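Chains, contacts and geometry: an overview
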Protein chains: 4
Amino acid sequence: MPTGRPRDPQIDAAVLEATLAVLDEAGYGRLTIEEVARRAEATKPAIYRRWPTRQHLALAALAARLGDSPVPDTGCTLCDLGEGIGVFLAAFRRIRPGVLAALFADCAAVPELRDTFLATLFEPPRAAVGEMLERAVVRGDLRADVDRGLVLDMLSSLVHYRVLFGHAPLADDEVEAAVEALLSGVAVDYPRLVAHSRALTEAHDEAHHPAHHT
Amino acid sequence: MPTGRPRDPQIDAAVLEATLAVLDEAGYGRLTIEEVARRAEATKPAIYRRWPTRQHLALAALAARLGDSPVPDTGCTLCDLGEGIGVFLAAFRRIRPGVLAALFADCAAVPELRDTFLATLFEPPRAAVGEMLERAVVRGDLRADVDRGLVLDMLSSLVHYRVLFGHAPLADDEVEAAVEALLSGVAVDYPRLVAHSRALTEAHDEAHHPAHHT
Amino acid sequence: MPTGRPRDPQIDAAVLEATLAVLDEAGYGRLTIEEVARRAEATKPAIYRRWPTRQHLALAALAARLGDSPVPDTGCTLCDLGEGIGVFLAAFRRIRPGVLAALFADCAAVPELRDTFLATLFEPPRAAVGEMLERAVVRGDLRADVDRGLVLDMLSSLVHYRVLFGHAPLADDEVEAAVEALLSGVAVDYPRLVAHSRALTEAHDEAHHPAHHT
Amino acid sequence: MPTGRPRDPQIDAAVLEATLAVLDEAGYGRLTIEEVARRAEATKPAIYRRWPTRQHLALAALAARLGDSPVPDTGCTLCDLGEGIGVFLAAFRRIRPGVLAALFADCAAVPELRDTFLATLFEPPRAAVGEMLERAVVRGDLRADVDRGLVLDMLSSLVHYRVLFGHAPLADDEVEAAVEALLSGVAVDYPRLVAHSRALTEAHDEAHHPAHHT
DNA sequence: TGCTAAGCGAGACGGTACGTCCCGTCTTAAT
DNA sequence: ATTAAGACGGGACGTACCGTCTCGCTTAGCA
């Protein structure tokens, strides 16, 4: 039962918005409590009361932006993975390049911040892809004897590496290529998966562009 | 033809040393020109004259520490990769965790700094592993149709990811496992590579512990 | 008819006590509502409810300390004046040097506070000495044609000036010297007053130290 | 031999000017380094580098305003004293009431500040009047056996007391009255001084308003 | 060998942002 | 209805460090 004067929610919103604006325009290196306060027309103590450090503030602002991404479940392993990774990449692409890397570097040394960073920004896509892999195993698309953690790591590291350090953001066909390369090694019967995927895609295309059919 | 008073080389050395000391003790976030100047008993302008920014200074200091790592060439693909990655990991382990990530984050936005960072700290191991892969293809150990860039990326990302973000440094058996997992997918005949490796290893062991032989 | 929850009188006492403690230890400049609240284990609103400003609080606390000083009435003009002034000086000496000056400076601009300050801290001694002078005139010790206000001012200003700004507190012999200088001009028969005073003093001494008498 | 970058004198001037403006408009209690910095378009460190505390700053600003007051030397003791005191009062009247008292209260506890305050703001007029008294004695206008320090104290305290605490500023006729009261006791031949003064005044008036003469 | 000027060391500067103290006020729950 | 209590929105504090500027000295290369 919290007592005392309640916090003004408008300040929360204004500060988070201003934080995102600064991150977008100038990057994490230029993120300054003072500048955020100016933009949000708030005061520094009001910000410090809510987020004890710049890192907490940035984490909260980015988490608010990324929000919850839906996990696709089409029944098609290849589709799920491609689309799922695409969804997360799309989310990360909304963040100015370099911001995540700088923020992580600033958080890495403090366990609490590091955990928050990972749990907030990295774990959701990872969990989603992990879920997809699980379904794929249940479905019989993936070998049950494969270390799913390793597969997960390889996919995740690809995304994270590019997100954090990629010159250019990961292109869609690169994602496809990576997934294919990986699955061709770990899949029970990759050609069947490809066939399945093509069938679904054609059905989908036909549903949307029936005139193209002969 | 440089004229005027020559630069005092003792200052260069003292500043680099002090920079490494600060990086080791406090991390990149606490790396301050003022603090380096204090420790090196130099003045700030003397530092700024030599390295225009903190990033340049840190890059120079870390490059001086890492030095040149030799590229192993044993004729055994599996051994080369394992040992080579181990060499680079050993070099990176001499740098306080988080320093590289923070420095990179600080350099990423400026092409010149980014390139210097990559060329100085990341390219050498990458090039070395690339060379190993090339030799492996020539040797017939790797499929020629595989995108070596992709394989290189997957190995590099593993190292870099762990170096930059790993809680714990990458353990040797983890390296082995990753290489094995990767090669079992892209290798022409993985069992043969394993056999080759075993043969070499036993020869090596026998050379050192002949008494164990029946 | 006051309704609602009654005020806790312990808080009043604790706050005044804490205020005096802060004034004694740190001076008026360090007198902070927050610090007083901490010491008194009260809350700020509880203090603000009772005293609207720091000035009011300080005035109340000092008034409580000074309390009421008894006005001596020995029948001896010289004794009364010396002792009376001594009493007030003793009261002022219980206040850390500089506190009164700072408080006055803080009150001077607001008529209400200024008046309270004067009425609370400066008027009582002034009135007491005025009363003594009145009795002295009635008694025939002072010339009736003298402006008693002027005499009062000269004695008061002496005390106040020193209390507010004196490097050193006014010493007892200085008081005597001032009274003597003044009375020698306005007394009806100054030598007689001195004789009277001496007689009383000796009688008093004898009563307490009879053995010293030959 | 001071080395390093020289101080920008424009900042000194702007800050002192802004300080006086704040003191005039809002008083010492509202004197804030931050506000001064805003008005002077300077920064806080630039101010702190010059004046370590608000007290130092206020003292410097007031001293700059009061500047050096010329000591009149007309050969007429009465005129000198009246005009001299008038000059100092005029200077003090240029300072918002209460500012000096508050500043002094803030300085009193620190010997260095206290001494600076006295030496800067109170000693000059005192010294000037002392010089006048000296000339008056030489000229034979004042009794040589009078304690000039005492006379000086009486005049000074009159001014200082009123300046620091007076409700109303000291009026010109009050000054005249005080001087007259004092000189009638210590002058060698007071009526002669009055006559001398009147003669000079009339000559002066005539020179400026000849038409008024019959 | 002596002169001149470029480059150096040193120190202080103007300035941004920091994180904190204290202010005076507001809201809730209890008396 | 008024209190006690706690947290709030906010103004100002004094400091660390930034990157730069000005100085006087040192040292090479030219006369």
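Look up: the structure comes first, before these words.
Cut-off values and rules
- Residues numbered from 1 in each chain as written.
- Chains lettered and ligands numbered in written order.
- Predicted model: local features only at pLDDT ≥ 70, side-chain atom pairs only at ≥ 80, totals over all residues.
- Heavy atoms only, no water.
- Core = buried A, V, L, I, M, F, W, Y, C linked by side-chain atoms within 4.5 Å.
- Buried < 20%, exposed > 50% of the residue type's maximum accessible area, 1.4 Å probe, protein only.
- Contact = heavy atoms within 4.5 Å.
- Helix = DSSP H or I, 4+ residues; strand = E, 2+ residues; numbered from the N terminus.
- Expected span 1.5 Å × (residues − 1).
- Near = heavy atom within 4 Å.
- Polar contact = N/O pair within 3.5 Å; in protein donor to acceptor, adjacent residues only side chain to side chain.
- Nonpolar A, V, L, I, M, F, W, Y, C, P; charged D, E, K, R; others polar.
- Axes fitted to C-alpha atoms, helices over the stretch in contact; angles between N-to-C directions.
- Parallel < 35°, antiparallel > 145°, perpendicular 65-115°, else oblique.
- Left-handed = near helix turned anticlockwise from the far one by under 90°.

Membership of the largest hydrophobic core comes to 106 residues, with the highest contact counts inside it found for A:Leu62, A:Leu103, A:Phe117, A:Leu121, B:Leu62 and B:Phe117. Those residues in contact with B:Leu62, other than ones at most four positions away along the chain, are B:Leu20, B:Leu23, B:Ile95, B:Val99, B:Leu100, B:Leu103 and B:Leu121.

All names here are of chain C. Its place among the elements puts Glu-25 in helix H1 (residues 9–26). Through-space distance from the C-alpha of Glu-25 to that of Arg-96 is 8.1 Å; in sequence the pair is 71 residues apart. Among all residues touching Glu-25, those that are not within four sequence positions of it are Arg-39 and Arg-96.

Residue and element names in this part refer to chain D. Compared with an ideal rise of 1.5 Å per residue, which puts 13 residues at 18 Å, helix H4 (residues 54–66) spans 18 Å between its outermost C-alpha atoms and is within 8% of the ideal. What H4 keeps buried is the set Gln-55, His-56, Leu-57, Ala-58, Leu-59, Ala-61, Leu-62, Arg-65 and Leu-66. Buried residues in H4 make contact with helix H1 (9–26), helix H2 (33–40), helix H3 (44–50), helix H5 (77–93), helix H6 (99–107) and helix H7 (111–139). Just downstream of H4 lies Gly-67, where phi reads positive at about 55°.

Let us now look at the protein's contact with DNA strand F. Taken together, 40 residues lie around DNA strand F, and A:Arg49, B:Tyr48, C:Pro45, D:Lys44 and D:Tyr48 are the ones closest in. Put simply, 60% of the atoms of DNA strand F that lie within 4 Å of the protein are in sugar or phosphate. A:Arg50 has a polar side-chain atom sitting 3.0 Å from a phosphate oxygen of DNA strand F. Taking B:Glu34, its main chain carries an N or O atom lying 3.0 Å from a phosphate oxygen of DNA strand F. Elements that contribute at least two residues to the surface near DNA strand F include exactly helix H3 (44–50) of chain A, helix H2 (33–40) and helix H3 (44–50) of chain B, helix H3 (44–50) of chain C together with H2 and H3 of chain D. Tallied by class, the residues present in the surface near DNA strand F amount to 13 nonpolar, nine polar and 18 charged.

We now examine the packing of helix H4 (residues 54–66) of chain A against helix H6 (residues 99–107) of chain A. Residue and element names in this part refer to chain A. For the pair H4 and H6, interaxial distance at closest approach is 10 Å and the crossing angle is 140°. One way to sum up the angle between H4 and H6 is to call them oblique. Considering the relative orientation of H4 and H6, their crossing is left-handed. Taken together, the residues of H6 that come into contact with H4 (itself represented by Arg-54, Gln-55, Ala-58, Leu-59 and Leu-62) are Val-99, Leu-100, Leu-103, Asp-106 and Cys-107. Across the contact of H4 with H6, the residue classes break down as seven nonpolar, one polar and two charged.

Its location among the elements puts D:His56 in helix H4. Apart from the residues lying within four places of it in its own chain, the contact partners of D:His56 are D:Trp51, D:Glu112 and D:Leu113.

With respect to spatial proximity, 41 residues lie near DNA strand E, and among them A:Lys44, A:Tyr48, B:Pro45, C:Lys44 and C:Tyr48 are the closest. For DNA strand E, the backbone portion of the atoms within 4 Å of the protein, that is sugar and phosphate, comes to 56%. At 3.0 Å from a phosphate oxygen of DNA strand E is found a main-chain nitrogen or oxygen belonging to A:Ile33. For the surface near DNA strand E, the secondary structure elements donating two or more residues are helix H2 (33–40) and H3 of chain A, H3 of chain B, helix H2 (33–40) and H3 of chain C together with H3 of chain D. No other element matches H3(B), which puts four residues into the surface near DNA strand E. Here the surface near DNA strand E is built from residues that sort into 14 nonpolar, nine polar and 18 charged.

No statement about biological role is implied by the geometric values presented.
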